[in-house]
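Residues per chain, in single letters:
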Amino acid sequence: MAEWWRGGLIYEIYPRSFRDTNGDGIGYLKGITEKLGHVASLGVDAIWIAPFAKSPQKDFGYDVSDYRAVDPQFGTIGDFDALAAKAHGLGLKVLIDFVVSHTSDAHPWFAESRSSRDNDKANWYVWADMQPDGSPPNNWLSVFGGSSWQFDTRRRQYYLHNFLKEQPDLNYHNPDVQDAVLADMRFWLERGADGFRLDALNFAMQDPLLRSNPAAEDPSLSEQPLANPYAYQTHLYDKSQDTLLPFLQRMRALLDEFGATTSVAEVGDDSVRTMRLMADYAGSGDKVHMCYGFDFLSPVCTPGHFAQIIERFEREAGGSWPCWAFSNHDAMRHASRWTEDGGDPAVTARFAAGLLMALRGSLCLYQGEELGLTQADIQFEDLQDPAGKTFWPDYKGRDGCRTPFPWDSAPNAGFGAGKPWLPVEKAHLPLAVSRQEADAGSTLNFYREAIRIRQGSAALKLGSIEIIEVSDDLLVWQRKADGETITCAYNFGAEPVPAPTGEVLLSSGKGAAIEPRGFVWVRG
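So, a few notes on the structure that sits alongside this text.

Glancing now at the overall build of the chain. A count of helical and extended segments in the chain gives 14 helices and 20 strands. Here the chain, with 524 residues, has 62% of them falling under the buried criterion. Of the roughly 19,000 Å² of accessible surface on the chain, a fraction of 51% belongs to carbon and sulfur atoms. If the 49 positive side-chain charges of the chain are averaged to one point and the 71 negative ones to another, these points end up 3 Å apart.

As structure tokens, this is what we get:
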């Protein structure tokens, strides 16, 4: 089916932490291949593999030095071929994480670009002259702290880096850059990739006049924590430019050459502008297939918050197709994020499954979400994430959601024989796959059942969505398609509430009422 992605389920694999097969403490592509049976057993449609291309690993693969090579710590190109073949044999599509907006400063393109102002690739990155006093060209800030401009002594100019200084931004105003990136994408499509997750896509083009950003009217609307100065600007000029749209059309034309492919764009912006980006990037069928923002990666878990996001999307971007996620490799795991004020993470995990699986759109599950994994507590001396090291202790970085996947309850969690690159979280051992497989009532088996029901229901997978009721404690919506109506009711409060009547498809409880942090799906 050409549009298999519409309403589909995508399982994100963070390869460093999935399965180590050679004892070096880092996950391997062969480890993913070995464990694909677990992913297939969930009933999902595709896997998304976080970056495994050659990289100095300053930002753990999001700093690519060769788009066409597998980093040796993850294996070989042959290992990818074997992985893709195994996945396809299990009925799983394979999406790879493609870092669009920037490369590593170790990429040969950048080495040539920085060598002079008149070489063949001199204009492949975003370069700008200093101000008369030697300061950066404008006030733009890096997501990882400080100015987003780094002075280069060779060219005596600044180059732009929206993330680490080792991640210089490509200049997509240059058609030669577009051609080169599309050629690298073609390489992976020809090897059997079924599409891409497009990292930080809206960062890929900036205002050519390099105008300074204004101050943010409300920093709390930022996708970044308030400990980060980045939150205090409205990012009008350093990202999210309409001039990127023709490149997205070129990319879609490439993907369409290969048939049943897809693309998922990460669009990181404030909650209001994210909806416009989703509409612009995925609303006309000639650019990306679907987008996701950070709205459901928020610490806010209330009926009003969910209702507002759903209704805003339907109103402002309903002609596009969303891809929703509650957790990923950059965010605190929601089993912890939504129980910070107390409560049982296991209850929250099932509640979240009931919410996510009934949303209109495609969905991303992050490895371990199906086990109800909580955020790991990483000590400063064990930190690997550069963002965590910069903003500690107000922001502890992303390592807590990236710890090794627990396959069993042995000390190394079945991840591998060597010392893992991040410590195994002891609280995860009782939640290991081996433990939950044997328990019919486990979170893992609850996820499988929720996925099975969604995959078999036209209303849940592809139907319309309408908010029926929203209060301080209760949220109810309906999904409709092909004459089927499913009512989904969620109790965010502390007391039981009456359940809607009808044929119960799935419930987090067993009684006639919906318990606190509980839900029910009913047909009819």
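This brings us to helix α8 (residues 303-316). Taking 1.5 Å per residue, 14 residues should reach 20 Å; α8 reaches 20 Å between its end C-alpha atoms and fits that length. Residues of α8 that are buried sit in contact with α7 (271-282), β12 (323-325), α10 (345-356), β14 (464-470) and β15 (474-481).

Counted residue by residue, strand β10 (residues 262-266) has 5 buried out of 5 residues, so it is predominantly covered. Residues Thr262, Val264 and Glu266 point to one face of β10 and Ser263 and Ala265 to the other, with burial holding for every one of them. Looking at chain direction, β10 and strand β11 (residues 290-292) are connected through 3 bridges and run parallel. Pairing of Glu266 across the sheet is with Tyr292, part of β11. Following the backbone out of β10, through α7 and into the adjacent parallel β11, one traces a crossover that is right-handed.

Taken in spatial order, the 8 strands line up as β11-β10-β9-β5-β2-β1-β13-β12 in an open sheet, and their pairing is parallel. Of all strands in the sheet, those bounded by a partner on one side alone are β11 and β12. Averaged over all adjacent pairs, the angle separating strand axes in this sheet is 25°, with direction ignored. As paired elements, strand β1 (residues 9-13) and strand β13 (residues 362-366) share 4 bridges and run parallel to each other.

This part covers the packing of aromatic side chains. The way to describe two aromatic rings as a pair is by their centre distance and the angle between their planes. A full pass over the atoms with the stated rule returns 38 aromatic pairs. Seen from their ring centres, Trp127 and Tyr159 are 5.6 Å apart, and the 70° between their planes marks the pair as edge-to-face. Of this pair, Trp127 sits in strand β6 (residues 127-128) while Tyr159 sits in strand β8 (residues 157-160), placing them 32 residues apart in sequence. By relative accessible area, Trp127 is classed as buried at 12%. Judged by centre distance (5.0 Å) and plane angle (70°), the ring pair of Phe326 and Trp338 falls under edge-to-face.

Between Trp392 and Pro393 the backbone carries a cis peptide bond, its omega angle lying at 0°. Take Pro393: it is sitting in the loop between α11 (386-391) and α12 (433-437). Not every positive phi belongs to a glycine, and Phe60 is a case in point at roughly 55°. Tracing the sequence through the fold places Phe60 in the loop between β3 (53-54) and β4 (66-70). Since its relative accessible area comes to 7%, Phe60 is described here as buried.

Tracing the chain through its elements places Cys364 in strand β13. In the structure, Cys364 is positioned 47 residues away from Ala317 in sequence and 19 Å away in space, judged by C-alpha atoms. If near-sequence neighbours (up to four positions away) are discounted, Cys364 is found in contact with Ile10, Trp48, Cys323, Trp324, Ala325, Leu356 and Glu369.

Attention now moves to the pattern of salt bridges. In the structure shown here, the tally under the stated rule is 32 salt bridges. For Asp256, the salt bridge is made with Arg252, and the minimal N-O distance between the two is 3.1 Å. Note that Asp256 and Arg252 are positioned in helix α6 (residues 245-257) at a spacing of 4 residues, about one turn of the helix. A relative accessible area of 43% means that Asp256 is categorised as partly exposed. For Arg252, a relative accessible area of 11% corresponds to the buried category. Among the ionic pairs, Arg315 bridges to Glu316, the shortest N-O distance being 3.5 Å. Of the residues examined, Glu316 reaches a relative accessible area of 39% and is grouped as partly exposed. Several salt bridges share partner residues, and in doing so they unite Asp59, Asp330, Asp385, Arg398 and Arg402 into one network.

Turning to the sheet that holds strand β18 (residues 503-507), a few remarks are in order. Taken in spatial order, the 5 strands of this open sheet run β14-β15-β16-β20-β18, and their pairing is antiparallel. In this open sheet, the two strands that pair with only one neighbour each are β14 and β18. Shown here is a sheet whose adjacent strand axes are inclined to one another by a mean of 20°, direction ignored. Alignment of β14 against β15, held across 6 bridges, turns out to be antiparallel. Counterpart to Ser464 in the pairing with β15 is Lys480. On top of the sheet, helix α13 (residues 443-455) reaches β15, β18 and β20 (518-523); it is set at about 135° to β18, its chief contact.

Grouped together as the largest cluster of nonpolar side chains are 122 residues, with contacts concentrated most on Leu198, Tyr281, Met357, Trp477, Tyr490 and Trp521. For this core, the leading source of residues is helix α5 (residues 175-190), giving 8 residues.

Within a regular beta strand, the side chains point alternately toward one face of the sheet and then the other, so they alternate between its two faces. Within β13, 5 of the 5 residues are buried, which leaves it mostly tucked inside the rest of the structure. Of the two faces of β13, the one lined by Ser362, Cys364 and Tyr366 and the one lined by Leu363 and Leu365 are each fully buried.

In this section: α7. Along its 12 residues, α7 runs 17 Å from first to last C-alpha, staying within 8% of the 16 Å computed at 1.5 Å per residue. All of the buried residues along α7 are Ser271, Arg273, Thr274, Met275, Leu277, Met278, Tyr281 and Ala282. Where α7 is buried, its residues meet α6, β11, α8 and β12. Its side-chain oxygen at 3.0 Å from the backbone nitrogen of Val272, Asp270 defines the N-terminal cap of α7.

About the thresholds
Chains are numbered independently. Their residues run from 1 in the order of the written sequence. Per-residue local features of the predicted model are confined to residues with pLDDT of at least 70, and side-chain atom pairs are confined, for both listing and counting, to 80 or more; whole-chain, interface and lining totals are unaffected and use all residues. Only hydrogens and water are removed before side-chain values are computed, so all heavy atoms of the structure are retained for them. For helices the rule is a DSSP run of H or I covering at least 4 residues; for strands it is a run of E covering at least 2, with both sets numbered from the N terminus onward. A simple rule labels every residue: compare its accessible area, found with a 1.4 Å probe on the protein chains alone, to the largest value its type can have, and call it buried under 20%, exposed over 50%, or partly exposed in between. Using a 1.4 Å probe, the Shrake-Rupley method yields the accessible areas, and only the shown protein chains count as cover for residues. In this tally, Lys and Arg are treated as positive and Asp and Glu as negative; His is ignored, and so are the chain termini. Taken as the charge location is NZ of Lys, CZ of Arg, CG of Asp or CD of Glu. One less than the number of residues in a helix, times 1.5 Å, gives the span that helix is expected to have. Contacts between residues were defined by any pair of non-hydrogen atoms, one from each residue, lying within 4.5 Å. For two strands to be treated as a pair, DSSP must find at least two bridges joining them. A clockwise path from the first strand over the helix to the second, with the strands pointing away from the viewer, defines a right-handed crossover. Axis definition: a line fitted to C-alpha atoms, limited for helices to the stretch in contact. Angles are taken between N-to-C directions and run from 0 to 180 degrees. Each Phe, Tyr or Trp ring (for Trp, its six-membered ring) is paired with any other whose centre lies within 6.5 Å, and the angle between the two planes then decides the class: stacked below 30 degrees, edge-to-face above 60, tilted in between. Salt bridges are defined by distance alone: a side-chain nitrogen of Lys or Arg within 4 Å of a carboxyl oxygen of Asp or Glu. Residue types Ala, Val, Leu, Ile, Met, Phe, Trp, Tyr and Cys, when buried and joined through side-chain atoms within 4.5 Å, form a set referred to as a nonpolar core. N or O atoms closer than or at 3.5 Å make up a polar contact, with two conditions inside protein: a donor-capable atom paired with an acceptor-capable one, and, for residues adjacent in sequence, both atoms drawn from side chains.

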